[in-house]
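# Inside the fold
Next come the chains, spelled out residue by residue.
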Amino acid sequence: MTDQGIGARVKRKEDKRFTTGHGKYTDDVRMENQAYAAFVRSPFAHAEIKGIDKSAAEAMEGVIAVLTGPELVADGIGNIICGWAVTSKDGSPMNMGAWSALATEKVRYVGDAAAVVIAESDAIARRAAEAVEVDYAELPAVAVASKALAAGAPQIHDNAPGNLIYDWEIGDEAATDAALAGAAHVTEMEITNNRLAPNPMEPRSAVATYDPIEEHYTLYTTSQNPHVARLVLSAFYQVAPENKLRVVAPDVGGGFGSKIYIYPEEITCLWASMKTGRSVKWTSDRSEAFMTDAHGRDHVTTAKLGFDADNRIVGFKVDTIANFGAYMSLFSSAVPTYLYATLLSGQYDIANIHCNVRAVYTNTVPVDAYRGAGRPEACYLVERMMETAARELGVEPTELRRANFIREFPHQTPVIMAYDAGDFEANLDQALAAADVAGFAARKAESAKRGVLRGLGFSSYIEACGIAPSAAVGSLGAGVGLWESAEVRVNAVGTIEVLTGSHSHGQGHETAFAQVVADRFDLPLDSISIVHGDTDTVQMGMGTYGSRSGAVGLSAIVKALDKVEAKVKKIAAHVLEASEDDIVIEGGQVKVAGTDKAMGWHEVGLSAYTAHNLPEGMEPGLKETAFYDPANFTFPAGTYICEVEVDPETGVTKIERFTCSDDFGTIINPMIVEGQVHGGVAQGIGQAMLEQVVYDDDGQLITGSYMDYTMPRADDVPFYDVHHASTTCPNNPLGIKGCGEAGAIGTPPAVINAITDAIGTNDLAMPATPQAVWSALQASGKSMAAE
Amino acid sequence: MYSTRYHKPATIDDALAALGAGDEAKVLAGGQTLLATMKQHLAAPSDLVDIRAIDGMSGVTVQDNILTIGAATTHAEVATNADVRQHCGALGQLAGGIGDPAVRHQGTIGGSIANNDPAADYPAAMLALGATIITNSREIAADAFFQGLFTTALDENEIITAIRIPCPAKAAYAKFNQPASRFALVGVFVAKTDMGARVAVTGAGEDGVFRHAALEAALSADWSESAAAKVAISADGLMSDIHASAAYRANLIGVMAKRAVAAS
Amino acid sequence: MKSEKAAKRREVREDQMTNVTMTVNGKSVSRNVPDETLLSEFLREELRLTGTHVGCDTSQCGACTVHVNGKSVKSCTTLAVALDGAEVTTIEGVANGELHPMQVAFNDNHGLQCGFCTPGMIMAGIDMVNRYKASGQELTADAIRHELEGNICRCTGYHNIVKSIQDAAAKM
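Throughout, residues of each chain are indexed from 1 in the direction in which the sequence is written. Note on labels: chains are lettered from A, ligands numbered from 1, in written order. Where local features are concerned, this predicted model is filtered to residues with pLDDT of at least 70; where side-chain atom pairs are given and counted, the filter is 80 or more; whole-chain, interface and lining totals use all residues. Water and hydrogen atoms were dropped before computing side-chain values, which therefore reflect all heavy atoms in the structure.

## As for the overall build of chain C
Helix and strand definitions follow DSSP, with helices as H or I runs of at least four residues and strands as E runs of at least two, each counted in order from the N terminus. From N to C terminus, chain C includes six helices and five strands. What you see in chain C, going N to C, is helices and strands ordered as α-β-β-α-β-β-β-α-α-α-α. For every residue, the accessible area obtained with a 1.4 Å probe (protein chains only) is divided by the maximum for its type, and the residue is called buried under 20%, exposed over 50%, and partly exposed between those limits. Each of the 172 residues in chain C was classed as buried or not, and the buried ones make up 64%. Residue contacts follow a heavy-atom distance rule, with two residues in contact if any of their heavy atoms lie within 4.5 Å. By sequence separation, contacts in chain C at least 24 residues apart represent 58% of the contacts at least 6 residues apart. Only carbon and sulfur atoms are counted for the fraction: they give 46% of the accessible area of chain C, which is about 6,100 Å². Between the mean site of the 18 positive side-chain charges and the mean site of the 21 negative ones, chain C shows a separation of 5 Å. All accessibility values rest on the Shrake-Rupley procedure with a 1.4 Å probe; residue burial counts only the protein chains present in the view. Positive residues here are Lys and Arg, negative ones are Asp and Glu, while His and the chain termini are left out of the count. To locate a charge, the coordinates of NZ of Lys, CZ of Arg, CG of Asp or CD of Glu are taken.

## Details of helix H2 (residues 39-46) of chain C
All names here are of chain C. Every buried residue belonging to H2 is among Leu 39, Ser 40, Phe 42, Leu 43 and Arg 44, and all of these are buried. Elements in contact with the buried residues of H2: strand E1 (17-24), strand E2 (27-34), strand E3 (65-68) and strand E5 (87-89). Arg 48 sits one or two positions beyond H2 and adopts a positive phi of about 60°.

## Quick word on the interface of chain C and chain A
Chain C puts 54 residues into the contact, and the matching count from chain A is 60 residues. Note on terms: buried area is the combined drop in 1.4 Å-probe accessible area of two parts once they are placed together, counting the loss on both. Both sides together, the interface formed by chain C and chain A hides about 4,800 Å², and carbon and sulfur atoms give 53% of it. Here a salt bridge means any side-chain nitrogen of Lys or Arg lying within 4 Å of a carboxyl oxygen belonging to Asp or Glu. Taken together, the links from chain C to chain A amount to six salt bridges. Where Arg 127 of chain A meets Glu 36 of chain C, a salt bridge forms, and the shortest distance between an N and an O atom there is 3.1 Å. Whenever a nitrogen or oxygen atom comes within 3.5 Å of another N or O atom, the pair is scored as a polar contact, on the condition that within protein one atom can donate a hydrogen and the other can accept it, and that pairs from neighbouring residues in sequence are kept only if both atoms are in side chains. Run the count over chain C and chain A and you get 32 residue pairs in polar contact (both at pLDDT 80 or more). Put simply, the parts of the chain that give the side of chain C that touches chain A at least two residues each are H2, helix H3 (101-108), helix H4 (118-135), helix H5 (141-147) and helix H6 (159-171) of chain C. At five residues, H6 of chain C tops the list of elements feeding residues into the side of chain C that touches chain A. Three categories are distinguished: nonpolar for Ala, Val, Leu, Ile, Met, Phe, Trp, Tyr, Cys and Pro, charged for Asp, Glu, Lys and Arg, and polar for the others, with Gly belonging to the last. Here the residues of the side of chain C that touches chain A sort into 19 nonpolar, 19 polar and 16 charged.

## As for the packing of aromatic side chains
Each aromatic ring pair is summarised here by two numbers: the centre-to-centre distance and the angle between the ring planes. Aromatic pairing here means that ring centres of Phe, Tyr or Trp (its six-membered ring) are within 6.5 Å. Orientation follows from the plane angle: under 30 degrees is stacked, over 60 is edge-to-face, and everything else is tilted. What the rule picks out here adds up to 26 aromatic pairs over all chains. Considering the side-chain rings of Phe 331 of chain A and Tyr 545 of chain A, the 6.4 Å spacing of their centres and the 40° angle between planes classify their relative orientation as tilted. Of this pair, Phe 331 of chain A sits in the loop between strand E14 (313-323) and strand E15 (353-360) while Tyr 545 of chain A sits in the loop between strand E21 (528-531) and helix H16 (549-576), and the two are 214 residues apart along the sequence. Taken together, the ring pairs connect Tyr 348, Phe 405, Phe 409 and Phe 424 of chain A into an aromatic cluster. Cation over ring: Lys 163 of chain C sits above Phe 719 of chain A, and NZ or CZ is 4.6 Å from the ring centre. In our convention, an over-ring charge means Lys NZ or Arg CZ found within 6 Å of a ring centre and within 35 degrees of that ring's normal.

## Some points on the pattern of salt bridges
Applying the stated criterion across every chain yields a total of 78 salt bridges over all chains. Glu 45 of chain C is paired through a salt bridge with Arg 30 of chain A; the nearest N and O atoms lie 2.9 Å apart. With one member in each of two chains, Glu 45 of chain C in helix H2 and Arg 30 of chain A in the loop between helix H1 (15-19) and strand E1 (34-41) form a pair that bridges those chains. Residue Arg 30 of chain A is classed as partly exposed on the basis of its relative accessible area, which comes to 39%. As a salt-bridge pair, Arg 259 of chain B and Glu 649 of chain A come within 2.8 Å of each other at their nearest N and O atoms. Note that Arg 259 of chain B is positioned in helix H12 (residues 246-263) and Glu 649 of chain A in the loop between strand E26 (637-646) and strand E27 (653-663), a pairing that runs across two chains. Each of the salt bridges in this network shares a partner with another, and the network as a whole consists of Asp 436, Arg 443, Glu 446, Arg 450, Arg 454, Glu 643 and Glu 645 of chain A.

## Here we look at the domain arrangement of chain A
All names here are of chain A. Where each domain begins and ends is defined by an automated method or by a domain database. Considered domain by domain, chain A is made up of domain 1 (15-20 + 483-628), domain 2 (31-139 + 203-253 + 259-284) and domain 3 (299-467 + 632-780). Taken over C-alpha atoms, the centre of domain 2 sits 36 Å from the centre of domain 3. At the junction of the two partners, domain 2 supplies 26 residues and domain 3 supplies 24 residues. Approximately 2,000 Å² of surface area, both sides summed, lies buried where domain 2 meets domain 3, with 65% of it carried by carbon and sulfur atoms. Of all residues in domain 2, Trp 84, Trp 99 and Tyr 261 bury the most surface against domain 3, accounting for 29% of the area lost on that side. For the interface between domain 2 and domain 3, the tally reads zero salt bridges. Taken together, the connections running from domain 2 to domain 3 amount to twelve residue pairs in polar contact (both at pLDDT 80 or more). A breakdown of the residues in the side of domain 2 that touches domain 3 according to their chemical character gives 18 nonpolar, four polar and four charged.

## Re the interface of chain C and chain B
Interface size is commonly expressed as the accessible area that is lost once the parts come together. Taken residue by residue, the interface counts 32 residues in chain C and 36 residues in chain B. Seen at the junction of chain C and chain B, the total is two salt bridges. Linking Asp 100 of chain B and Lys 74 of chain C is a salt bridge whose minimum nitrogen-to-oxygen distance equals 2.6 Å. Where chain C meets chain B, there are nine residue pairs in polar contact (both at pLDDT 80 or more). Within the residue set of the side of chain C that touches chain B, elements represented by two or more residues are helix H1 (4-8), strand E4 (71-74), H4 and H5 of chain C. Among the elements that make up the side of chain C that touches chain B, the one with the highest residue count is E4 of chain C (four residues). Among the residues forming the side of chain C that touches chain B, the class breakdown is six nonpolar, nine polar and 17 charged.

## Focus on the nonpolar core
In terms of nonpolar packing, the biggest core is built from 215 residues, with Leu 233, Phe 316, Leu 344, Phe 658, Ile 755 and Ile 759 of chain A together with Ile 165 of chain C touching the most fellow members. Sequence-distant contacts of Phe 316 of chain A, defined by excluding residues within four places in its chain, comprise Thr 176, Ala 303, Lys 304, Leu 305, Leu 344, Ile 350, Asn 352, Ile 353, His 354, Leu 381, Val 382 and Met 385 of chain A. Definition of nonpolar core: a set of buried residues of the types Ala, Val, Leu, Ile, Met, Phe, Trp, Tyr and Cys, connected through side-chain atoms within 4.5 Å. Within the second largest apolar cluster, 52 residues are counted, among which are Ala 18, Cys 88, Leu 91 and Phe 145 of chain B.

## Section: helix H13 (residues 440-449) of chain A
In an α-helix, one turn spans 3.6 residues, which is why side chains three or four residues apart end up on the same side. All names here are of chain A. Taken together, the buried positions of H13 are occupied by Phe 440, Arg 443 and Ser 447. The arc that holds the buried residues of H13, viewed along the axis, is 65°, so those residues lie on one side. For H13, the exposed residues lying more than 90 degrees away from the buried face are Ala 441, Ala 442 and Lys 449. Residues of H13 that are buried sit in contact with strand E18 (453-462), E26, E27 and helix H19 (742-759). In the stretch just after H13, Gly 451 is the one whose phi turns positive, near 80°. For this quantity, the arc is that covered by the directions from the helix axis to the C-beta atoms.

## Topic: the sheet that holds strand E4 (residues 106-107) of chain A
All names here are of chain A. A pair of strands is considered paired only if DSSP assigns at least 2 bridges between the two. Taken in spatial order, the three strands make up an open sheet running E4-E2-E6, and their pairing is antiparallel. Of all the strands in the sheet, just E4 and strand E6 (133-138) have a single pairing partner and so form its edges. As paired elements, strand E2 (residues 47-53) and E6 share six bridges and run antiparallel to each other. From the neighbouring strand, Asp 53 faces E6, where its bridge partner is Glu 133.

Written as structure tokens, this is what we have:
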């Protein structure tokens, strides 16, 4: 390893443009002849569109066009689809309702777009959007999934009777019931996983340009996966064939899942650019983001966890209702099934698991993957139940976990996943030591003297990342493969460009990916550039989500590097008249081992391109492409420990310590990995203590801005104590497991377990706001305990 | 945002003329609330009359134990002003807790008081301190000035020019943040004054800022934490929303009052 | 539906244009803009200084933070025409030949990920260090967290932002 290679804390190459204000985000793009789009959004959660009067808006100076859903449909723009087919337990396909980018007959949530105004300026477009008179006939609405399933609930899509999208199950129900019937102790809980708004700080944006001569579209957009966007826009939404559509995702200001999907606004901008002959730009404001960006989570679950007399888990039965919102977003169906129920074994050896999931339409924003996507819901359920069970059984929570840890790998769970490697006890022990759990009792006593309640909570999480083996997900209904591609171009002067289908929107790929290349060929980091985010430049890619860029994206790069290395060695062996097996690459040179025969790295590049003296039959050039399809998911795991103090007078909770021990496999850049953990933990704390999307009974969004949706701020969170105890992933060349989502997955149960420990009642839902904690204390009568 | 006309008068008379000429003119004092409201198309004033350049509109003077603060004095200026700190530290502390540093560099005391947001901090201080609101045409006692949610005694086109505050013997402000907006979920300003103990509560009342009679009675008799703690706080007339029930707000009034007295 | 908003728009008014001259990053600039133009719009659209970002519409996220006459303000909640004669510094104007210590500290301490909130964080960081130094107060980690009340980051969990500002404060 060099000081710039794998494992080095290399400072980020991309920072200079961001710290000087020279990042290039989509809203920074300005095209010649650019017009602006503003959407006419439904103020009702559910209504029929009886008519649209465009005349007043069209008459306004500066308005170019007012376009509606029927026009979009007439032009052949296809419906927005969910790309993962989940089949109900009775064998029937999921009930996917039609979703047009602009509503045609009905609007189904507050913010559903009924029309779009294209105008000379953003201000004119917004003013004109308010002048479009939509005649709505309001219909009864429902925002809560369980209520949407009830008899007599408003029917949201005709082809989803009772608003049921699917009724799916996994595992052996009879065996699980039998195991629970024979259990010595059963812990039973109802757990809500609160609905969240992803809130990347950069709002979504799109700039679409149509070239009528070439019949070619260009879309700049805030995407985590520009190639997937192009694929879907082309194959399903019929905007244009792929060779006539370029999608560019330049600097993107965070995603967290919400920028995976291809939204109505991007489709509409593309279509409107063709209709108007103008470049069309739309940039969401934050209020619009709350109304239109896919939300996350929103599960309600009842579960039973059974133990034998030795406190070994015998069975786990789970029944979940998942709120999908008004339409099925791109990967929505997979979140509460293959990304959730398949992780219900946690870190534990459980023979019998059964999970039933009902997915439900409601009159709310569509719900899809948000950082963690299904795995936070699974982890929260498993880890709150383990902690609660330990309290009921009167054993130490960590001891109950130890008694049930999986210790041999590979381990096949009863819910599809086969864990390949891990050492759960090592993470637990490391976290216990780092958190000074031994000293907790003394700290608690000291807190009590000050009249405050101190609590300790644990969470031993596991997740499935490195999404995903294509054949496996294909067999489970995915409409796409989830491989990744890479191209490594060694230039004639020896510098290197790596083209990757992974997309960096904060993850630091330009640095970490370059480190892998630098490490491989012992080259300076500055000679290596990472190129991503443009379908015209990068051959193909599936993008960044599911903690896959390291495990899958880098693996593709490594495969391409293998090919480059082989060719470099062939050329050098030929030029230096040696055996390929004796060629070594180090210190910027390609050498014959044990001799002083060598050529500079750049000379090999030059040889490849001058092609004056290549081995017989070798093609000129030094550029290799690879596609990598993972053999399995990867399984990052770890233990998080949270220590809190609760003020019983106000319910205010302060996190005093937050300790992480993660197993991410091989780590390329510890600085970047720790940053990913920090951010994930903060989002987990947000979910646990601050954040919740609230709709009223009429489907009106109550938390529509930062005035009411609580974003974690600097004084809401502590410094985090992050450690690693790693096993190597056996299924990819670098041994990487992935780190992007762990914090968001492992944190919420640790926080809630700590608060419930402090206040002495298990009856506490997320977000544990001061009011919620104070109310729980009032209800349990324990508020006086500390006084 | 809708179109508007911006005016930056140098005198009160010019400001009044500009206000009178516009069909729906508004005073711009710092803009931290007004501009946000305009961006959301919830306000569309025809004219904005920026009073910050008017001579004498900002700054703090102290005479005979009375603070006079110009209406266009920013929160940051109030928070760091030496006279405020010396004579009414609680007011400086309150000003230093409004919004965030960037907001405090622009938001003004006059703007905050004229807007009378039910979760704003300044109205509680004005009521508890028995301040006098000085306008271009008259002086209004704080008790008569705040008249419910976003409602004040100001006439149309009347401009606040300054605030006069008698310095209290003791005072403190305890604020419990609404977690998202960081406005006051409950803010309690306690002041030991020549008129007895005065306690004003912001963030909690259905009709906006109000004086708390029971706490005032208790603290007038005995200015102590324990006296405040013994007062039973009724939830009647308190707001309930997603951030706090009336019962929780009532609890917070008690706790914040107690803590304010302790800090005074 | 006849909303309050719908009623407002009935008064269609001509944009009033005003000439505004200010010094931005040391250079005098003059533009004729509608009176309702926000400073953030003026910087991004008129001057094409796109380092100043807009992340919310309720003056809370702080991505748009710039300095006006040496003090941090939210450019999304400031009218450009009100700043005639003012001195404005944006993220593009912070470096003076070499990077500002705050910019260096954000790189050294991994104080940014996606970079969108970063310009506002750096401008807020410089402002708070300047104020604390001027008043002789110690800028503790807790103080930094409190001072960052008006700047939201979704990526970093703030850990390394606080470290960055601490680091820069020692070097400024």
